[in-house]
Amino acid sequence: MLELAGIIILGILAQWVAWKFKIPAILPLILIGLLVGPIAAEYLSEDGSKWIEPIWNGEKGLFPGESLYYFVSLAISIILFEGGLTLKRSEIKNVGPVITKLITLGSAITFFGAGVVAHYVFGLGWDLSYLFAGLIIVTGPTVITPILRNIPLKKDISTVLKWEGILIDPIGALVAVLVFEFISVGGGGGFTKTALIEFGKILLFGTTFGFTFAHALAYLINKKMVPHYLLNVVSLSSVLMVFVLSEIFAHESGLLAVVVMGMVLGNGKLKNLKELLYFKESLSVLLISILFILLSANINMKDLLLLYTWKTASLFAIVVFIIRPLAVFASTYKSKLKLNEKLFISWVGPRGIVAAGIASLFGSKLLKQGVEGAEYITPLVFMIVLGTVLLNATTARLFAKMVGVFLKRSNGILIVGASKPARLIATFLTKKGKRVVLIDSNKNFIEKATENDLEAFNVNIYDDELTDNIELNDVGYLIALTGNDSVNKYALNNFSKAFGEHGSFRLASSTEANNASEEEKYGFVTPKDDYINLSEAYRENPNITEVKVNGDTEYNNILKILENEEKAVPLFIQNKKGIYLIAEFEKAKHEKKDLVISYLGKDIGDTYKTEEEKLKV
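Residues numbered from 1 in each chain as written. Predicted model: local features only at pLDDT ≥ 70, side-chain atom pairs only at ≥ 80, totals over all residues. Heavy atoms only, no water.

J.: Help me understand the overall build of the chain in this model?
T.: From N to C terminus, the chain includes 25 helices and nine strands. Looking at the 617 residues of the chain, the share that counts as buried comes to 55%. If you take every contact in the chain between residues at least 6 apart in sequence, the share linking residues at least 24 apart comes to 73%. (Helix = DSSP H or I, 4+ residues; strand = E, 2+ residues; numbered from the N terminus. Buried < 20%, exposed > 50% of the residue type's maximum accessible area, 1.4 Å probe, protein only. Contact = heavy atoms within 4.5 Å.)

In structure tokens form, the structure reads like this:
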């Protein structure tokens, strides 16, 4: 009981440490596992036993016999299902051909390259060499996301790395499973007819079970045949059932089945998907915490000593510094990515839970089958996992600065609220060359924004997920435009540091607008303009008009007209250097000539129209 409670407590403590110091959680989890496992047995325990013994050894241990590997299999199935839920076809289309090449051509280069290196450097058989290579294909999002979250990068770079990690996890798992099947069914002797039949069974039953049960579960949920309070546990039990049933019909097909099930559900019209995703994400965090400590603790010191050789360093260096860059440069050939961007993507490739979990599972099974060299699989993969995580966690930010992909100035704009006026403003700024992201808890608003080719996310401002989105790393301006004063204030109070590096602005509240004086400034527009004024101006004339001005007198006259007009709201001022908010421009005290004032709402007269008259968006 003490050991089981200790794993959970230490696991969550490691997750907190990772959050506090902005490092991937895998790093402290593996270190804790090694500490309570092989290190404790060798140096800290008087009787030479581990503080946490994952497998029952006749006297102590958490899991008797094969139970640990059953638990590992079930846990990985849940983790991969949760990963499958996050895969959206629409998002995959947006990241371009680079992602497709990375997960196909890049995976092939890594697979064959690492297999050859493992064979010639460590002297492993070809079958075990390619099993090792299949396991290290993956670059898990659970380790990439914490690294990238704290590095301001161009959206293209962070998106490529994020989606590569998400998409390549099930691909790497499938390749490793298929190679393992070749070894097991073919007796380690090659690609036999029996092994090929097993491949077909894995693909057939894995895909069929995943697809069928995903639609069945979606039907039950959408028809409200499952009560709300049972939604999460029914979904969890369905995942486990699909995994087990698929395994019964075709050994090692369960992982493919749950990935397919997650992808189908994630891309279907499933109600309560977001709630289901939150539950699975929380469960995955707990399982990852337990798994890494268990798997690390299960390694013995003699296994670690197998790596105490120059061959280990050579293998790691070739995989990280030669094979990874080769895969990336081949996959990004003739792409729009610049040389420094390709170099950074080549540098960041940490391995995660799928590699470690399946390596421990397959390594132990092959050891029991008496396969020569199987004792190297688990420690070698753990070496790659720990080494790449440690390397990337400590050097990614510095390397980003060295190669010039670190954004010195984040010019993206995050608008909280996606109402009609907010969408109009976002479209206007986008046409001016700005990157604008809209967020709102209203799904209908987000759908309409997406239909207008705007970048938009369905997010609850009170959730922590907003700061987890690595695609917002280049955002430096925060504008709160919702009709809820509390939400606007909350957004600025809690997210100004993360997204308002160069300025945070909000609408005046109704109370502030009614009591505003000319000297007061509340941020986004004039002190008298709250959400009601903004909405009324939009209803009066849903266009943004641009007015050319020259000199202080004309500038002040136009602003006075706009401030006195209830159904016209001044928004932006443009000069040769760029486009500014009214409040931002006033604060900087720019020279007031050769300017363009942009406003929303009622036409204030022909005198101040541009040659184009109006910019309709």
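J.: Sorry, what's going on with a nonpolar patch on the surface here?
T.: A cluster of nonpolar side chains, Leu 35, Ile 39, Tyr 43, Leu 44 and Trp 51, forms an exposed patch at the surface whose accessible area comes to about 510 Å². Assignment of secondary structure puts Ile 39 in helix α2 (residues 26–44). (Patch = residues over 30% accessible without salt bridge, like charges linked within 9 Å, V, L, I, M, F, W, Y side chains within 5 Å. Areas by Shrake-Rupley, 256 points an atom, 1.4 Å probe, with all protein chains shown as cover. Salt bridge = Lys/Arg side-chain N within 4 Å of Asp/Glu carboxyl O.)

J.: Help me out: how do you make sense of the sheet that holds strand β3 (residues 455–458) in this one?
T.: In sheet architecture, strand pairing relies on hydrogen bonds along the backbone and comes in two forms, parallel and antiparallel. The five strands lie next to each other as β3-β2-β1-β4-β5, forming an open sheet whose pairing is parallel. The outermost strands of the open sheet, each flanked by one partner alone, are β3 and β5 (503–506). Going from strand to strand, the sheet's axes swing by 20° on average, the running direction of each strand aside. Of the strand pairs in this sheet, strand β1 (residues 412–416) and strand β4 (residues 475–480) are connected by five bridges, and their pairing is parallel. The partner of Ile 413 across the bridge, within β4, is Tyr 477. Sheet strands in contact with helix α18 (residues 420–431) are β1 and β2 (436–440), and its direction is about 165° off that of β2. Strand contacts of helix α21 (residues 485–499): β1, β4 and β5, with the helix running at about 175° to β4, the strand carrying the most contacts. (Pairing = 2+ DSSP bridges. Axes fitted to C-alpha atoms, helices over the stretch in contact; angles between N-to-C directions.)

J.: Can you help me understand helix α24 (residues 552–564) in this one?
T.: Because each turn of an α-helix spans 3.6 residues, side chains separated by three or four positions in sequence point in the same direction. In this model, α24 (13 residues) spans 18 Å end to end at C-alpha, consistent with the 18 Å of a helix rising 1.5 Å per residue. When α24 is considered as a whole, its buried residues turn out to be Tyr 555, Ile 558, Leu 559 and Leu 562. Each buried residue of α24 sits inside an arc of 100° when the element is viewed along its axis, so together they form one side. Opposite the buried face of α24, by more than 90 degrees, sit the exposed residues Thr 553, Lys 560 and Asn 564. (Expected span 1.5 Å × (residues − 1). Arc of directions from axis to C-beta.)

J.: Explanation requested: the packing of aromatic side chains in the structure shown.
T.: Between two aromatic rings, the relevant description is the distance of the centres plus the angle of the planes. Tallied over the entire structure, the rule returns 16 aromatic pairs. A centroid spacing of 5.9 Å and a plane angle of 15° characterise the contact between Phe 209 and Phe 213, whose relative ring orientation is stacked. Remark: Phe 213 and Phe 209 occur in helix α9 (residues 193–222); sequence separation between them is four residues, near one turn of the helix. With a relative accessible area of 22%, Phe 213 lands in the partly exposed category. Grouping aromatic residues by their ring pairs yields a cluster made of Phe 111, Phe 112, Tyr 120, Trp 126 and Tyr 130. The ring of Phe 406 is capped by Lys 401, whose NZ or CZ atom sits 5.0 Å from the centre of that ring. (Phe/Tyr/Trp six-rings, centres within 6.5 Å; stacked < 30°, edge-to-face > 60°. Lys NZ or Arg CZ within 6 Å of the ring centre and 35° of its normal.)

J.: Is there a simple way to explain the side chain of Ser 129 in this structure?
T.: Along the chain, Ser 129 falls in helix α6 (residues 126–135). Since its relative accessible area comes to 0%, Ser 129 is described here as buried. Of the polar contacts made by the side chain of Ser 129, one reaches the backbone oxygen of Leu 124; its length is 3.4 Å. Not counting the four nearest positions on each side in its chain, Ser 129 is found in contact with Gly 115, Ala 118, His 119 and Leu 124. (Polar contact = N/O pair within 3.5 Å; in protein donor to acceptor, adjacent residues only side chain to side chain.)

J.: What is the right way to read the nonpolar core from this model?
T.: Most often, soluble globular proteins have nonpolar side chains that are buried together. The biggest cluster of nonpolar side chains holds 134 residues, and the ones touching the most others in it are Leu 131, Phe 132, Leu 265, Phe 344 and Ile 358. The element contributing the most residues to this core is helix α8 (residues 155–185), with 15 residues. Beyond its immediate stretch of four places on either side in the chain, Phe 132 contacts Ala 114, Ala 118, Leu 315, Ile 377, Leu 380, Val 381 and Ile 384. (Core = buried A, V, L, I, M, F, W, Y, C linked by side-chain atoms within 4.5 Å.)

J.: Quick question: what am I supposed to make of the pattern of salt bridges here?
T.: Any two side chains of opposite charge can pair if their charged atoms end up close together. In this structure the tally under the stated criterion is five salt bridges. Linking Glu 455 and Arg 435 is a salt bridge whose minimum nitrogen-to-oxygen distance equals 2.6 Å. Remark: Arg 435 occurs in the loop between α18 and β2 and Glu 455 occurs in strand β3; sequence separation between them is 20 residues. A relative accessible area of 17% means that Arg 435 is categorised as buried. Between Arg 539 and Glu 536 there is a salt bridge, with the nearest N and O atoms lying 2.9 Å from each other. One end of the pair, Arg 539, and the other, Glu 536, are both in helix α23 (residues 531–540), three residues apart, so they sit about a helical turn from each other. With a relative accessible area of 30%, Glu 536 lands in the partly exposed category.

J.: I tried to follow the environment of Arg 324 on my own but got confused; where do I start?
T.: With respect to the element layout, Arg 324 can be found in helix α14 (residues 310–331). Put simply, Arg 324 and Gly 113 are 211 residues apart on the chain and 9.4 Å apart in space, counted from C-alpha to C-alpha. Discounting chain neighbours no more than four positions away, the residues touching Arg 324 are Thr 139, Leu 161, Glu 164, Val 319, Ile 345, Ser 346, Val 348 and Gly 349. Within polar-contact distance, the side chain of Arg 324 engages the backbone oxygen of Ile 345 at 3.0 Å.

J.: In this structure, what is going on with the packing of helix α5 (residues 97–122) against α14? I would like to understand it.
T.: When two helices pack together, their arrangement is given by the angle between the helix axes and by the axis-to-axis distance. Where α5 meets α14, the closest approach of the two axes is 8 Å, and the angle between their N-to-C directions is 155°. Taken together, the axes of α5 and α14 are roughly antiparallel relative to one another. Like other packed secondary-structure pairs, α5 and α14 cross with a definite hand, here right-handed. A per-class count over the contact of α5 with α14 returns 16 nonpolar, six polar and two charged. (Parallel < 35°, antiparallel > 145°, perpendicular 65-115°, else oblique. Left-handed = near helix turned anticlockwise from the far one by under 90°. Nonpolar A, V, L, I, M, F, W, Y, C, P; charged D, E, K, R; others polar.)

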